[in-house]
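Geometric and topological summary
Spelled out, the chains give:
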Amino acid sequence: TSTDTAFRINNTVGGVSGGTLDFGQNGTVGGWIQSRNAGNYATNYPLLLNPNGGNVGIGTTAPGAALDIGGNLRLVNTANAQITAPNGFLDLRPTNATYGLILRDHTGATTAYSGIRTVDDGTSDRMEFAVGSDSYGSGLVLIQGDGSVSIGTIQPAAKLNIKANYEQLRLTYT
């Protein structure tokens, strides 16, 4: 934790120092802003931008959303990055996790959802598609890293494996 502050804004109420907003420079690497307790550098506070509303722009002069990034976004050393919406989410997991990418639609209080996820579980690399299912293990289409495709099973026994309790394949020419 750097204590080399170039500029400091203190919040003092009744003679007691509370929060501090420090601004500094880290050599030629860049500048920094830190919100923390003035008397204890180990106690850090959230840094709030526009807490009463308004948009924040990075790399743009006209932000059109709560956070508008004009350029690339890079997430580093994160345990899990999730973008959520009222009825779904995009979940990015680190390289050491079983699932690398999950794009999922979820509505209501049920567990049924539709989605896509990439999997590396130590035995195979695959991409799984689920539609209206309560898990990726049922009602899915799976593409294995070796090119095998399965429908209704996560363990294809052939290049194309269809598993069902009814007619499995019908080809019709009209």
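Residues numbered from 1 in each chain as written. Predicted model: local features only at pLDDT ≥ 70, side-chain atom pairs only at ≥ 80, totals over all residues. Heavy atoms only, no water.

Brief notes about the overall build of the chain
Scanning the chain for helices and strands turns up 0 helices and 14 strands. Counting helices and strands in the order they occur from the N terminus, the chain gives β-β-β-β-β-β-β-β-β-β-β-β-β-β. The 174 residues of the chain split such that 17% are buried. Pairs at least 24 residues apart make up 7% of the contacts formed inside the chain by residues separated by at least 6 positions. (Helix = DSSP H or I, 4+ residues; strand = E, 2+ residues; numbered from the N terminus. Buried < 20%, exposed > 50% of the residue type's maximum accessible area, 1.4 Å probe, protein only. Contact = heavy atoms within 4.5 Å.)

Details of the packing of aromatic side chains
In this structure the tally under the stated criterion is 1 aromatic pair. When the ring of F7 is compared with that of F23, the centres are 5.6 Å apart and the planes differ by 50°; the resulting orientation is tilted. Pair noted here: F7 is in strand β1 (residues 7-13) and F23 is in strand β2 (residues 16-26), with a separation of 16 residues, a long-range link. (Phe/Tyr/Trp six-rings, centres within 6.5 Å; stacked < 30°, edge-to-face > 60°.)

Details of the layout of surface pockets
What the largest pocket holds in volume is close to 190 Å³. Every residue lining the largest pocket is counted, 11 residues in all, and those nearest its centre are G152, K163, A164, N165 and Y166. Here the residues of the lining of the largest pocket sort into 5 nonpolar, 4 polar and 2 charged. (1 Å grid on protein atoms, 1.4 Å probe; cavity = no way out; pocket = protein on both sides within 12 Å on 5 of 7 lines; lining within 4 Å. Points joined across faces, edges and corners; volume = space filled by probe spheres on them. Nonpolar A, V, L, I, M, F, W, Y, C, P; charged D, E, K, R; others polar.)

Here's the deal with the pattern of salt bridges
Counted by the stated rule, this structure contains 2 salt bridges. Between R8 and D22 there is a salt bridge, with its nearest N and O atoms 2.6 Å apart. Taken together, the residues span a long stretch of sequence, with R8 in strand β1 and D22 in strand β2 at a distance of 14 residues. R8 sits in the partly exposed class, given a relative accessible area of 34%. Taken together, the shared-partner salt bridges in this structure form one network comprising R8, D22 and R36. (Salt bridge = Lys/Arg side-chain N within 4 Å of Asp/Glu carboxyl O.)

Re the pairing of strand β3 (residues 30-37)
Each regular strand displays side chains that alternate between the two surfaces of the sheet. One ladder, built from 2 bridges, connects β3 with strand β4 (residues 40-44); its direction is antiparallel. The partner of N37 across the bridge, within β4, is N40. In this structure, the hairpin formed by β3 and β4 is closed by a connection of 2 residues. (Pairing = 2+ DSSP bridges.)

Considering the side chain of S35
By the secondary structure assignment, S35 is in strand β3. At 3.5 Å, the side chain of S35 forms a polar contact with the backbone oxygen of P46. With residues up to four places along the chain from it excluded, the contact list for S35 reads T20, L21, N44, Y45, P46 and L47. (Polar contact = N/O pair within 3.5 Å; in protein donor to acceptor, adjacent residues only side chain to side chain.)

Notes on the confidence of the model for the chain
For the chain, per-residue confidence averages 77 on the pLDDT scale, and residues scoring 70 or more make up 79% of the total. Ranking the helices and strands of the chain by mean pLDDT puts strand β5 (residues 56-58) first, with 90, and strand β9 (residues 99-106) last, with 70. (pLDDT = per-residue confidence, 0-100.)

Focus on the side chain of Q144
Of note, Q144 is situated in strand β12 (residues 140-144). Once residues within four sequence positions are removed from consideration, Q144 is found in contact with S124, D125, R126, I154 and P156.

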